[in-house]
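Report on the structure
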Amino acid sequence: MVTRISDLKYKDVVSLKDGTCLGCVSDAEFDCESARLLSIIIYGRYRFFGLLGREEDIVIRWDQIQMIGEDVILVECSAPPRSRGKFFSESFSRG
């Protein structure tokens, strides 16, 4: 199967460990000397509509990619734990 870099942006990345959708490919890292794809990058989600920045980016190395299919990329890594900010945990715990 031949695919373009621009086509990777429309594929969902799914973890084989827990079945969660990590997001879509946002960027890629290449080694220009060997012309190899080193990793794909999924940008972190926005916090509070982007006003508080983003969560950490997810970098998936080439050796963690198990399969690139028509609509999905299957990877051998789990989603990083998502933590709620102090504001949300305090406001929802009060009742």
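Residues numbered from 1 in each chain as written. Predicted model: local features only at pLDDT ≥ 70, side-chain atom pairs only at ≥ 80, totals over all residues. Heavy atoms only, no water.

Section: the pairing of strand β5 (residues 58–61)
The alternating pattern of β5 places I58 and I60 on a buried face, while none of V59 and R61, on the opposite face, is buried. Inspection of the sheet shows strand β4 (residues 36–42) paired to β5 by four bridges, in the antiparallel sense. Each residue of the ladder has a partner; that of I40, found in β5, is I60. (Buried < 20%, exposed > 50% of the residue type's maximum accessible area, 1.4 Å probe, protein only. Helix = DSSP H or I, 4+ residues; strand = E, 2+ residues; numbered from the N terminus. Pairing = 2+ DSSP bridges.)

Things to note about the sheet that holds strand β6 (residues 65–68)
In a beta sheet, neighbouring strands are held together by backbone hydrogen bonds and run either parallel or antiparallel to one another. In space, the four strands of this open sheet follow the order β2-β1-β7-β6, with mixed pairing throughout. The two strands at the open ends of the sheet, each matched to only one other strand, are β2 (21–24) and β6. Along the sheet, successive strands turn relative to each other by an average axial angle of 20°, direction set aside. Looking at chain direction, β6 and strand β7 (residues 72–75) are connected through three bridges and run antiparallel. Each bridged residue has a counterpart across the sheet, and for M67 the counterpart in β7 is L74. (Axes fitted to C-alpha atoms, helices over the stretch in contact; angles between N-to-C directions.)

Some points on the sheet that holds strand β3 (residues 27–31)
Spatial strand order, β3-β4-β5: three strands in an open sheet with antiparallel pairing. At either margin of the open sheet sits one strand with a lone partner, and together these are β3 and β5. Looking at each pair of strands side by side, their axes are set apart by 25° on average, direction ignored. For β3 and β4, the ladder comprises five bridges, and the chain directions are antiparallel. Pairing of F30 across the sheet is with L37, part of β4.

What to know about a nonpolar patch on the surface
On the surface, F48, L51 and L52 cluster together into a nonpolar patch covering about 350 Å² of accessible area. Its location among the elements puts F48 in the loop between β4 and β5. (Patch = residues over 30% accessible without salt bridge, like charges linked within 9 Å, V, L, I, M, F, W, Y side chains within 5 Å. Areas by Shrake-Rupley, 256 points an atom, 1.4 Å probe, with all protein chains shown as cover. Salt bridge = Lys/Arg side-chain N within 4 Å of Asp/Glu carboxyl O.)

Observations regarding the confidence of the model for the protein
Mean pLDDT over the protein: 80, with 79% of residues reaching 70 or higher. Model confidence for the protein, summarised as mean pLDDT per element, is weakest for helix α2 (residues 86–93) at 48 and strongest for β7 at 94. (pLDDT = per-residue confidence, 0-100.)

Quick word on the side chain of Q64
By secondary structure assignment, the location of Q64 is in the loop between β5 and β6. Residue Q64 is classed as buried on the basis of its relative accessible area of 14%. Ignoring anything within four residues of it in the chain, the contact list for Q64 reads V59, L74, V75, E76 and C77. (Contact = heavy atoms within 4.5 Å.)

So, the nonpolar core
Grouped together as the largest cluster of nonpolar side chains are 14 residues, with contacts concentrated most on V13, L22, I40, I60, I73 and V75. Mapped by element, the contributors of at least two residues to this core are β4, β5 and β7. Here this core gets three residues from one element, more than from any other, and that element is β4. (Core = buried A, V, L, I, M, F, W, Y, C linked by side-chain atoms within 4.5 Å.)

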